[in-house]
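What follows is each chain in one-letter form.
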Amino acid sequence: MEEMMQEKLPSLADATPEELAHAIFDVLDAKKAQNIKVLRVHDQTVITDYFVICTGNSSTQVKSLGGEVEYKLGLREVDPLHFEGRDNNGWIVIDYSSVIVHIFNRENRDFYKLDKLYGDAEEIKFVSIDERAAAGEL
């Protein structure tokens, strides 16, 4: 009988808000989310420290991205406080307290313009899978 070896990722239960945002970025990047932005909004709002904002190319991808974030973080011992939009094809919000994830379709992202609303927030740059591959890191 052949056993599948799977590397267990470390728990994020005690992660800092930035570490949690980075883990979410990596999940979204691996699932080919578009235009991923991580904004440090701590100085702009009291509700959270970071927004992770991205776009899905279709309603199916929007739902898939939301499900994948919830699943992958759950494997790492982090569950959302709230998950809104399961039945909404255009905008999913996942609340991890210190990080709130916004997954939009293109139309809703253009309409709500969270990027512009929080334009004075610091954008945190994480390296994508494609950028790491181009640099020969993968």
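All residue numbers refer to position in the chain's written sequence, counted from 1. With the structure being a predicted model, the display of local features is reserved for residues of pLDDT at least 70 and the display and counting of side-chain atom pairs for 80 or more, all residues being used for whole-chain, interface and lining totals. Computation of side-chain values: all heavy atoms of the structure, hydrogens and water removed.

Novice: Before we go on, may I ask you to explain the nonpolar core in this structure?
Specialist: As a rule of thumb, soluble globular proteins bury nonpolar side chains together. Judged by nonpolar contacts, the single largest core of 28 residues is most densely connected at Ile24, Leu28, Tyr96 and Ile103. Looking at this core, the elements that each hand over two or more residues are helix H1 (17–30), strand E1 (34–40), strand E2 (50–55), helix H2 (59–75), strand E4 (91–95) and strand E5 (99–104). In this text, buried Ala, Val, Leu, Ile, Met, Phe, Trp, Tyr and Cys residues form a nonpolar core when linked through side-chain atoms within 4.5 Å. The cut-offs for exposure are 20% and 50% of the maximum accessible area for each residue type, with area from a 1.4 Å probe on protein chains only; residues under the lower value are buried, those over the upper are exposed, and the others partly exposed. Residues Val41, Ile53, Phe104 and Ala121 belong to the second largest nonpolar core, which totals ten residues. Helical segments are the DSSP runs of H or I of at least four residues, strand segments are the runs of E of at least two, and each set is numbered from the N terminus.

Novice: Got a minute to help me understand the packing of aromatic side chains in this structure?
Specialist: We describe a pair of aromatic rings using the distance from one ring centre to the other and the angle between the two ring planes. Pairing of aromatic rings covers Phe, Tyr and Trp, the last counted by its six-membered ring, and requires centre-to-centre distances within 6.5 Å; plane angles under 30 degrees mean stacked, over 60 mean edge-to-face, and any other angle means tilted. Counted by the stated rule, this structure contains six aromatic pairs. Ring geometry for phenylalanine 25 against phenylalanine 126: centres 5.6 Å apart, planes inclined by 55°, an arrangement best described as tilted. Taken together, the residues phenylalanine 25 in helix H1 and phenylalanine 126 in the loop between strand E6 (122–124) and helix H5 (129–134) connect sequence positions 101 residues apart. An aromatic cluster is present here, built from Trp91, Phe104, Phe111 and Tyr112 joined pairwise through their rings. Across the ring face of phenylalanine 83, the terminal group of arginine 86 is positioned such that the distance to the ring centre comes to 3.8 Å. Geometrically, a charge over a ring is one whose NZ (Lys) or CZ (Arg) sits within 6 Å of the ring centre while staying within 35 degrees of the ring normal.

Novice: For this particular structure, what's the right way to read the pattern of salt bridges?
Specialist: Opposite charge on two side chains permits pairing when their charged atoms draw close. Any Lys or Arg side-chain nitrogen located within 4 Å of an Asp or Glu carboxyl oxygen qualifies as a salt bridge. Within the structure shown, the criterion is met by seven salt bridges. Aspartate 130 is paired through a salt bridge with lysine 32; the nearest N and O atoms lie 3.8 Å apart. In this pair, aspartate 130 is assigned in helix H5 and lysine 32 in the loop between H1 and E1, connecting sequence segments 98 residues apart. Look at lysine 32 and you get partly exposed, because its relative accessible area is 47%. One salt bridge in this structure joins aspartate 43 and arginine 40, with 3.8 Å as the shortest N-O distance. Given the relative accessible area of 28%, arginine 40 is considered partly exposed. What you see here is one network of salt bridges that share partners, running through Lys37, Arg109 and Asp115.

Novice: What am I meant to see in H2 here?
Specialist: Residues spaced three or four apart along an α-helix face the same direction, because each turn holds 3.6 residues. Residue count minus one, scaled by 1.5 Å, sets the expected span of a helix. Taking 1.5 Å of rise per residue, 17 residues should cover 24 Å, and H2 covers 25 Å from first to last C-alpha, within 8% of that figure. Taken together, the buried positions of H2 are Gln61, Val62, Leu65, Gly66, Glu68, Val69 and Leu73. Around the axis of H2, the buried residues are gathered within 160° of arc, so they sit on the same side. Buried positions along H2 lie against H1, E2, strand E3 (82–84), E4 and E5. Positive phi appears at glutamate 77, one or two residues downstream of H2, with a value of about 70°. What the arc measures is the spread of directions leading from the helix axis to the C-beta atoms. A contact between two residues is defined here by any heavy atoms of the two lying within 4.5 Å.

Novice: Would you mind showing me how to read the sheet that holds E5 here?
Specialist: The pairing of strands in a sheet happens through backbone hydrogen bonds and is either parallel or antiparallel. The sheet built from six strands is open, its strands ordered E3-E4-E5-E2-E1-E6 with mixed pairing. A strand with exactly one partner marks an edge of an open sheet, and here the two such strands are E3 and E6. Between one strand and the next, the sheet's axes are offset by a mean angle of 20°, whatever the strand orientation. Strand pairing is defined by DSSP finding a minimum of two bridges between the two strands. Pairing between E1 and E6: three bridges, direction antiparallel. Note on definitions: angles span 0 to 180 degrees between N-to-C directions of axes, and those axes are lines fitted to C-alpha atoms, for helices only across the stretch in contact.

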